[in-house]
Amino acid sequence: MTRPESIKVLVLGGTAEGRELAGLLDAEPGYEVESSLAGRVTNPRLPPGRSRIGGFGGADGLADYVRSEGIRALVDATHPFAATISRNVAEAAGACDVPVVAVVRPPWQPDPADTWERVPSVAAAAAELDARTAGRALLTTGRQDVHEFAHLNAWWFVIRVVDPPSKGMPRRHALLLDRGPYTLDGETDLLSRNRIDVLVTKNSGGDLVSAKLTAARELGVDVVMVDRPPRPDGVRSVATAAEAFTWLRALG
Ligand code: NAP
């Protein structure tokens, strides 16, 4: 709802935190929230309030949008692996001189019983599998990265994605279309039924999809963990949507 004198906030989303923050702002008098989604999934979960879908055309396009729409604050609530849009948000905020905050959910930390193989990228995760004796892997790194594993012909994969990948896929695989949240029972069943040797995951953090790590630990399944890309300098970050809401309210 548009209110006189309301503060327009643009939330770059595509995450549970983005949806939660949009809900908090939409219910708060004096704020007008618009969420921006990339348009990667066919049936996105739309947040409360206004939404727009699709890219801006880089940092300059985003800066133009901020100016033309009279945006007064920016929130980067994108996924920890969405490095390009995070850089663009930081750059656009600087160019427009609008305050910006990032909601960065804490990364998962290994339990003492875990033996994660940590790698710096999805390509490095594929190289790690290639260096091992071939087996059966559960791939949960997202549809955009599946092609990195396409050459691993000796491995068999369960590929769990929200929408089918559009680029190359490994020859031997089962495609599982699902979007969570997931339970420990469900993840344990998935890993054992498919006799999975290795779980490949990004270190996304959060509770909604973390049951796979507990299931892997309990079943003795190896984990190849892709570490997060670096964040842009100079952007304050908070861990939750509630903290971002508090920060926005303090702007007045
Ligand atoms: P990315 O590589 O950082 O961004 C690539 C381009 O996509 C950006 O330059 C921008 O295009 C556009 N874009 C990304 N997020 C956008 C947003 N929220 N609103 C408008 N345009 C956006 O991003 P990505 O890794 O492909 O992720 C895309 C979206 O999916 C993000 O919103 C993210 O929160 C969500 N997501 C990503 C992952 C993941 O593992 N990467 C997982 C779950 C959800 P322009 O330069 O044209 O503006």
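Read on for a plain summary of the structure. Quick caveat, the model's predicted, so the values are computed rather than measured.

What follows is about the packing of aromatic side chains. Under the counting rule described, the total for this entry stands at 2 aromatic pairs. Seen from their ring centres, F149 and F157 are 5.9 Å apart, and the 65 degrees between their planes marks the pair as edge-to-face. It is R136 that lies over the ring of W156; its NZ or CZ is 4.2 Å from the centre.

With that settled, consider the pairing of strand β7 (residues 136–139). Residues R136 and L138 line one face of β7 and the alternating positions A137 and L139 line the opposite face, and both faces are buried. Summarising the sheet, β7 and strand β10 (residues 198–202) pair through 3 bridges and their orientation is parallel. Within the sheet, the bridge partner assigned to L139 lies in β10 and is V200.

Around the ligand, the structure places 24 residues, and the nearest of them are S36, R40, F56, H79 and K202. Measuring from an oxygen atom of the ligand, one finds a backbone N or O atom of G58 at 2.9 Å. Residue H79 places a main-chain N or O atom 2.9 Å away from an oxygen atom belonging to the ligand. Those elements that provide at least two residues to the shell around the ligand are β2 (31–37) and α3 (83–96).

Moving on, we come to the sheet that holds strand β1 (residues 7–12). The strand order across the open sheet built from 6 strands is β3-β2-β1-β4-β5-β12, with neighbouring strands paired in parallel fashion. Where the open sheet ends on each side, the last strands, each with one partner, are β3 (50–53) and β12 (236–238). Averaged over all pairs of adjacent strands, the angle between their axes in this sheet comes to 25 degrees, without regard to strand direction. Contacts from helix α1 (residues 16–26) reach β1, β2, β4 (73–76) and β5 (100–103) within the one sheet, and its direction differs from that of β2 by about 160 degrees.

With that settled, consider helix α6 (residues 211–219). For an α-helix, 3.6 residues make a turn, and residues three or four places apart therefore share a direction. Those residues of α6 lying buried are A211, K212, L213, A215 and A216. Where the residues of α6 are buried, they touch β6 (116–119), β8 (156–161), α5 (184–193), β10 and β11 (222–226). Taken from the residues just after α6, G220 is the one with a positive phi, measuring 70 degrees.

Once that is clear, we can look at the environment of T141. When you line up the elements, T141 lands in the loop between β7 and β8. Residues contacting T141, with those up to four places away along its chain left out, are V122, F149, V200, T201, K202 and V226.

Overall, parallel pairing links the 6 strands, which are arranged β6-β11-β10-β7-β8-β9 in an open sheet. Unpaired on one side and paired on the other, β6 and β9 (173–177) mark the two borders of the sheet. Taking each pair of neighbouring strands and ignoring which way they run, the sheet shows an average axis angle of 20 degrees. Note that β7 and β8 share 4 bridges and pair parallel. Counterpart to A137 in the pairing with β8 is F157. With respect to the sheet, helix α4 (residues 122–131) is in contact with β6, β7, β8, β10 and β11, its orientation differing from that of β11 by roughly 150 degrees. Contacting β6, β8, β10 and β11, α6 runs over the sheet at an angle of about 155 degrees to β10.

A complete count under the given rule lists 16 salt bridges for this structure. We note a salt bridge from E69 to K8, for which the minimum N-O separation is 3.6 Å. Note that E69 is positioned in helix α2 (residues 58–69) and K8 in strand β1, a separation of 61 residues in sequence. Judged by relative accessible area, which is 18%, K8 ranks as buried. The shortest N-O distance in the salt bridge between D111 and R217 comes to 3.9 Å. One end of the pair, D111, is in the loop between β5 and β6; the other, R217, is in helix α6, with 106 residues separating them in the sequence. Judged by its relative accessible area of 30%, D111 falls in the partly exposed class. Judged by its relative accessible area of 30%, R217 is partly exposed. Taken together, the salt bridges that share partners define one network made up of K8, E32, E34, R50 and E69.

The next point concerns α2. Counted at 1.5 Å a residue, the expected span for α2 with its 12 residues is 16 Å, and the 17 Å between its end C-alpha atoms agrees. On its buried face, α2 sits against β1, β2, β3, β4 and α3. One or two steps after α2, the chain reaches G70, where phi turns positive at roughly 65 degrees.

About the thresholds
- Residues numbered from 1 in each chain as written.
- Predicted model: local features only at pLDDT ≥ 70, side-chain atom pairs only at ≥ 80, totals over all residues.
- Heavy atoms only, no water.
- Phe/Tyr/Trp six-rings, centres within 6.5 Å; stacked < 30°, edge-to-face > 60°.
- Lys NZ or Arg CZ within 6 Å of the ring centre and 35° of its normal.
- Buried < 20%, exposed > 50% of the residue type's maximum accessible area, 1.4 Å probe, protein only.
- Helix = DSSP H or I, 4+ residues; strand = E, 2+ residues; numbered from the N terminus.
- Pairing = 2+ DSSP bridges.
- Near = heavy atom within 4 Å.
- Polar contact = N/O pair within 3.5 Å; in protein donor to acceptor, adjacent residues only side chain to side chain.
- Axes fitted to C-alpha atoms, helices over the stretch in contact; angles between N-to-C directions.
- Contact = heavy atoms within 4.5 Å.
- Salt bridge = Lys/Arg side-chain N within 4 Å of Asp/Glu carboxyl O.
- Expected span 1.5 Å × (residues − 1).

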